[in-house]
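Descriptive structure summary
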Amino acid sequence: MNTFFSRVLWGIVGVLLIICGIICLAQPAVALTTATLFLGISMMVSGIVDIVIFAKGNNAMFGAGWFLVDGILTVLLSLLILFNQAFTALSLPFIFGMWLMFSGITKFVNSFDLQRMGVRGWGWFTAIGIVLALAGFLSFLKPVASLFALSILTGVLLILQGAASLLRAIFAGRFLGK
């Protein structure tokens, strides 16, 4: 697996997620009307990139199984969001929370694989994993939150997911054992 290829893919996903997050924060009204589409597309791209990177370099990548699990779960949830819009509109806080919890937990667990391998920077993934999993859990506790708050939360959490992808791009050489 080419480290440059991994960096580029993770960097693109990170930038796209951050842009979607900024749009949600800057224009909450737009975010409210298109939240499911933003979320579904962002999740789909993020999951596909994780699966492609796993397929291209799973033999040389530390913690490759966690990237695959995160990618598959993200793609499955994105398909649910994109192809069942009526259900998604009613259950968006739960679906978003489920994604954040799964993604946060996989990043958290993967960070300890990275620590065992001596990869510097593993603590960033621990911290982001905890924040994402906690945010996902909290979204289950307050599902009736206002739509405005949901668009703000969506923006912030998409930015966090984008930051995690950018960190993957920055530390790609360490994941791939190079």
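Thresholds, definitions, all that
- Residues numbered from 1 in each chain as written.
- Predicted model: local features only at pLDDT ≥ 70, side-chain atom pairs only at ≥ 80, totals over all residues.
- Heavy atoms only, no water.
- Phe/Tyr/Trp six-rings, centres within 6.5 Å; stacked < 30°, edge-to-face > 60°.
- Helix = DSSP H or I, 4+ residues; strand = E, 2+ residues; numbered from the N terminus.
- Buried < 20%, exposed > 50% of the residue type's maximum accessible area, 1.4 Å probe, protein only.
- Contact = heavy atoms within 4.5 Å.
- Patch = residues over 30% accessible without salt bridge, like charges linked within 9 Å, V, L, I, M, F, W, Y side chains within 5 Å.
- Areas by Shrake-Rupley, 256 points an atom, 1.4 Å probe, with all protein chains shown as cover.
- Salt bridge = Lys/Arg side-chain N within 4 Å of Asp/Glu carboxyl O.
- Expected span 1.5 Å × (residues − 1).
- Polar contact = N/O pair within 3.5 Å; in protein donor to acceptor, adjacent residues only side chain to side chain.
- Core = buried A, V, L, I, M, F, W, Y, C linked by side-chain atoms within 4.5 Å.
- pLDDT = per-residue confidence, 0-100.

**Quick word on the packing of aromatic side chains**
Two numbers describe a pair of aromatic rings. These are the distance of the centres and the angle of the planes. For the coordinates displayed, the defined rule picks out 3 aromatic pairs. An angle of 80° between the planes, with centres 4.9 Å apart, marks the rings of Phe108 and Phe112 as edge-to-face. Of this pair, Phe108 and Phe112 both sit in helix 4 (residues 85-116), 4 residues apart, which is roughly one turn of that helix. Given a relative accessible area of 30%, Phe108 falls into the partly exposed group. An aromatic cluster is built from Phe108, Phe112 and Trp122, whose rings are joined through pairwise contacts.

**Quick word on the side chain of Thr106**
Relative to the assigned elements, Thr106 resides in helix 4. Ignoring any residue separated from it by four or fewer positions in sequence, one finds Thr106 in contact with Trp66, Val69 and Asp70.

**A closer look at the environment of Ile130**
Mapped onto the secondary structure, Ile130 falls in helix 5 (residues 122-141). According to the relative accessible area criterion, Ile130 is partly exposed, its value standing at 44%.

**A closer look at a nonpolar patch on the surface**
On the surface, a nonpolar cluster with roughly 590 Å² of combined accessible area is contributed by Phe4, Val8, Ile12, Val15, Leu16, Ile19 and Ile23. Within the element layout of this structure, Ile23 appears in helix 1 (residues 3-26). The class of Ile23 is partly exposed, set by a relative accessible area of 30%.

**With respect to the pattern of salt bridges**
Scanning the model with the defined rule gives 4 salt bridges in all. Taken together, the shared-partner salt bridges connect Asp50, Asp70, Lys107 and Arg168 into one network.

**Here we look at helix 3 (residues 64-83)**
Compared with an ideal rise of 1.5 Å per residue, which puts 20 residues at 28 Å, helix 3 spans 29 Å between its outermost C-alpha atoms and is within 8% of the ideal. Taken together, the buried positions of helix 3 are Ala64, Phe67, Asp70, Gly71, Thr74, Val75, Leu77, Ser78 and Ile81.

**Structural notes on the side chain of Asp50**
Here Asp50 shows up in helix 2 (residues 28-57). Here Arg168 takes part through its side chain, which lies 2.7 Å from a polar atom of the side chain of Asp50.

**Focus: the nonpolar core**
Grouped together as the largest cluster of nonpolar side chains are 34 residues, with contacts concentrated most on Trp10, Leu39, Trp99 and Leu100. Of all the elements in the fold, those that place two or more residues in this core are helix 1, helix 2, helix 3, helix 4, helix 5 and helix 6 (147-170). Other than its neighbours up to four places away in sequence, Leu100 contacts Leu132, Ala133, Ala135, Gly136, Leu157 and Gln161.

**Notes on the confidence of the model for the protein**
Per-residue confidence for the protein gives a mean pLDDT of 80; residues scoring 70 or more make up 83%. Helix 5 holds the highest mean pLDDT among the elements of the protein, 87, whereas helix 7 (residues 172-175) holds the lowest, 66.

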